Amino acid sequence: MPHAIKIRDFTARDEVALISLWNTCELTRPWNDPALDIHRKLSGQRDWLLVGMLDQKLIASVMVGYDGHRGWINYLAVHPIHRESGIGRLLMSEAESRLRGVRCPKINLQVRRDNREATAFYEAIGFTQDDVVSFGKRLADDSIKENERGSQS
Ligand SMILES: CC(C)(COP(=O)(O)OP(=O)(O)OC[C@H]1O[C@@H](n2cnc3c(N)ncnc32)[C@H](O)[C@@H]1OP(=O)(O)O)[C@@H](O)C(=O)NCCC(=O)NCCS
């Protein structure tokens, strides 16, 4: 039930539960270290990492960013047993509200091509597919752990 959900900013004590949620929701990949992703996010400014709490349990998340031109959404996750009850919509509504608050004109997000559930979700909440090709260039390989980096460089 969405109304029982409390959405709040992430705190350091949430880290283990948040990474566990991302693993459960299959959002982690070998080339992304989730702990590093959290720490990088917290070192940024004007950005938000939000968690959804139900009965003191962390069951949802969304990472929101604003680069001065577009708002960005990452790590949107709802625990499988709480899906399709409006929690994802609620989190995206909070993300949108925060972005509107900084006068962000548009939200962008990327969905893996095979993630049909997420595509259906975003379409259901009013997003449309842009006619663009997404490019990326990796600047850090998180699959190489920090302690290995020291001996390599
Ligand atoms: C995508 C996700 C966050 C949706 O969360 P949710 O809480 O289940 O979504 P909601 O209940 O708020 O659904 C909102 C709307 O999307 C629709 N929707 C949600 N999941 C859907 C699915 N799998 N198939 C079709 N429609 C879906 C709902 O029917 C609802 O539409 P309605 O309001 O018209 O009835 C959740 O499925 C999830 O965590 N998935 C795994 C992680 C992931 O892929 N994240 C996105 C990365 S880009």
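Residues numbered from 1 in each chain as written. Predicted model: local features only at pLDDT ≥ 70, side-chain atom pairs only at ≥ 80, totals over all residues. Heavy atoms only, no water.

1. A closer look at the pattern of salt bridges
The cut-off we apply is this: Salt bridges are counted wherever a side-chain nitrogen of Lys or Arg sits within 4 Å of a carboxyl oxygen of Asp or Glu. Only runs of H or I of at least four residues qualify as helices and only runs of E of at least two qualify as strands under DSSP, and these elements are numbered from the N terminus. Only protein chains enter the accessibility calculation, which uses a 1.4 Å probe; a residue is then buried when its area is under 20% of its type maximum, exposed when over 50%, and partly exposed in between.
In total, this model carries seven salt bridges according to the counting rule given. Note that Arg40 is salt-bridged to Asp142, the shortest N-O span being 2.8 Å. Placement of the pair is Arg40 in helix H2 (residues 34–43) and Asp142 in the loop between helix H4 (116–124) and helix H5 (146–152), with a sequence separation of 102 residues. A salt bridge links Glu96 to Arg100; the nearest nitrogen and oxygen atoms lie 2.9 Å apart. A residue pair is termed a helical-turn pair when its members lie 3 or 4 positions apart in one helix, as Glu96 and Arg100 do in helix H3 (residues 87–101) at four residues. Relative accessible area serves as the criterion here: at 59%, Arg100 is assigned to the exposed category. Connected through shared salt-bridge partners, Asp9, Glu94 and Arg98 make up one network.

2. Details of the confidence of the model for the chain
Do not read the predicted coordinates in detail wherever pLDDT is low. Heads up, the condition is: Confidence scores labelled pLDDT are given residue by residue by the predictor and lie between 0 and 100. The criterion used for residue contact is that any of the two residues' heavy atoms lie within 4.5 Å.
On average, residues of the chain score 92 in pLDDT, and 92% of them are at 70 or above. Confidence over residues 149–153 falls short of pLDDT 50; this stretch has five contacts with residues more than four positions distant or in other chains.

3. Things to note about the sheet that holds strand S4 (residues 71–78)
Convention followed: Two strands are counted as paired when DSSP detects at least two bridges linking them. Think of each axis as a best-fit line through the C-alpha atoms, taken over the contacting stretch in the case of a helix, with angles from 0 to 180 degrees between the N-to-C directions.
As summarised here, the arrangement of the five strands in space is S1-S2-S3-S4-S5, forming an open sheet in which the pairing is mixed. Strand pairing shows two members of the sheet lacking a second neighbour, strand S1 (6–9) and strand S5 (107–109), which therefore form its edges. The mean inter-strand angle of the sheet, taken between neighbouring strand axes irrespective of direction, is 30°. As paired elements, S4 and S5 share three bridges and run parallel to each other. What sits directly across from Trp72, in S5, is Asn108. Here H2 sits on the sheet and contacts strand S2 (48–54), strand S3 (57–66) and S4; the angle it forms with S3, its principal contact strand, is near 55°.

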